[in-house]
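Okay, here's what each chain looks like letter by letter:
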Amino acid sequence: MLDIKVTRTTSPKAKPEGPLGFGRIFTDHMFIMDYTKGKGWHDPRIVPYEDLKLSPAAMALHYGQAMFEGLKAYKGDDGKSYLFRPDMNGKRTNTTNKRLCIPELPVEDFVQAVKAVVKEDEDWIPTEPGTSLYVRPFIIATEAYLGVEVSETFMFIIILSPSGAYYEEGLAPVGIWIEDDYVRAVRGGMGFAKTGGNYAASLAAQVKAHDDGYSQVLWLDGVERKYIEEVGAMNIFFKIDGKVVTPMLSGSILPGITRDSVLTLCREWGIPAEERRISVDELIEAQKSGKLEEVFGTGTAAVISPVGKLRYKDEVMTIGGGEIGHLSQKIYDTVTGIQLGRLEDKYGWRVEVK
Ligand code: PLP
Ligand code: COI
């Protein structure tokens, strides 16, 4: 159990009015905890949201020893505040930390810290349909040292951002660019970890995709450039000939919590759901023979995002005629229904913040 010290702001900010967008507005407070080698994690505290004071030599700024997570807090119809599977974010934090030589954090402490800061700023949880309070826990290496080594000091911080849809399109299908030149990650690298470097590596392709009118990039494997991996901010699912298929966890893609939830739901509903290698050629073939029924992405920020168009080299595949597919809609309704407390929570995924 953390003994969290709370210092409240004396000048609370006005709550936002109008469309929230994603990730640009921040609440009144944040959580901070320090780590010092030999002492461990210490001084957990909730303080007013403000700029950090950091050495310009802080190692995270130079060598990228940093990680982040993403989850959401929802206001249920019953007026209670909920999180969705926060223990999974805590476990994934430690998977990432191991890869990046960042000290691990007890999962209970992670969840306690998230709950405490969300509770503090509970009145910032938006209630408009499609909105939530995005929770961004992250850890940065803070030691002032220019040698490439493991930092001896870190900060664990949680900030909160009332947000709407991640994509401007909302639930309307997005266009995705299958990248055949740049790669994001390879097995043995950091693809399975949630760390900024993976996202920095994705920007050049994303700029190319945006310039061509596509929302996001779909990555192929880094070795053969043949097998589908994931999208910039979400995992990817295909419905092919009545079956649901998603790339298996190979070490180079993020093990998404939404992905795991969707696989669980499909299996509960008796829909065959395969985790396996899927090549871009198989996809093109399925589309040509009319078997590619639906494509959608899954992620905390992206929720369930239907994909209406996929581009690969000179091929442009259109899926579903600009409409969200039947299964994608059912999954969206079920996942958000559980998150908001409107549907039964058979698996104990919903966690009340109290
Ligand atoms: N893949 C990437 C690269 C992501 O950034 C995300 C977002 O967190 C996901 C997949 C989806 O993961 P989750 O469902 O846990 O949010
Ligand atoms: C999330 O869905 O929480 C993510 O971390 C994606 C992010 C890159 C916006």
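Up top you'll find the structure we're talking about.
Here is what the cut-offs are and how they apply
Residues numbered from 1 in each chain as written. Chains lettered and ligands numbered in written order. Predicted model: local features only at pLDDT ≥ 70, side-chain atom pairs only at ≥ 80, totals over all residues. Heavy atoms only, no water. Helix = DSSP H or I, 4+ residues; strand = E, 2+ residues; numbered from the N terminus. Rg over C-alpha atoms; globule rule 2.2 N^0.38 Å. Buried < 20%, exposed > 50% of the residue type's maximum accessible area, 1.4 Å probe, protein only. Contact = heavy atoms within 4.5 Å. Areas by Shrake-Rupley, 256 points an atom, 1.4 Å probe, with all protein chains shown as cover. Lys, Arg positive; Asp, Glu negative; His and termini not counted. Charge placed at Lys NZ, Arg CZ, Asp CG, Glu CD. Pairing = 2+ DSSP bridges. Near = heavy atom within 4 Å. Polar contact = N/O pair within 3.5 Å; in protein donor to acceptor, adjacent residues only side chain to side chain. Nonpolar A, V, L, I, M, F, W, Y, C, P; charged D, E, K, R; others polar.

On a plain count of helices and strands, the protein comes out with eight helices and 18 strands. Compactness check: the protein gives a C-alpha radius of gyration of 21 Å against a globular reference of 20 Å for 354 residues, within 12% of the reference. Each of the three principal axes of the protein carries a C-alpha extent, and together these read 60 × 50 × 35 Å. Looking at the protein as a whole, 54% of its 354 residues are labelled buried. Nonlocal contacts in the protein, meaning residues at least 24 apart in sequence, comprise 69% of its contacts between residues at least 6 apart. Carbon and sulfur atoms provide 50% of the accessible area of the protein, an area that totals close to 15,900 Å². Treating the 42 positive side-chain charges of the protein as one cloud and the 50 negative ones as another, the clouds have centres 2 Å apart.

This part takes up the environment of Ala165. Mapped onto the elements, Ala165 comes out in the loop between β8 (153-163) and β9 (174-178). Residues Ala165 and Asn89, 76 residues apart in the sequence, show an inter-C-alpha distance of 20 Å. The contact partners of Ala165, leaving out residues within four places of it in the chain, are Gly21, Phe22, Gly130 and Gly170.

Turning to the pairing of strand β7 (residues 132-141), a few remarks are in order. With respect to burial, β7 is a largely interior element, nine of its 10 residues being buried. Two elements, strand β4 (residues 66-68) and β7, share three bridges in a ladder whose sense is antiparallel. Counted as the bridge partner of Met67 is Ile139 from β7. Where β7 lies against β8, 10 bridges are found, and the strand directions are antiparallel. In the strand pairing of β8, Leu133 is matched with Pro162.

Around ligand 1, 17 residues are found, and the nearest of them are Tyr199, Glu230, Ile257, Thr258 and Thr300. Interatomic distance of 2.6 Å between a side-chain N/O atom of Thr300 and an oxygen atom of ligand 1. Coverage of ligand 1 by the protein amounts to 96% of the 380 Å² it exposes when considered alone. If you list the elements that add at least two residues to the shell around ligand 1, you get β11 (228-231), α6 (257-268) and β15 (292-299). Its residues assigned to classes, the shell around ligand 1 shows six nonpolar, seven polar and four charged.

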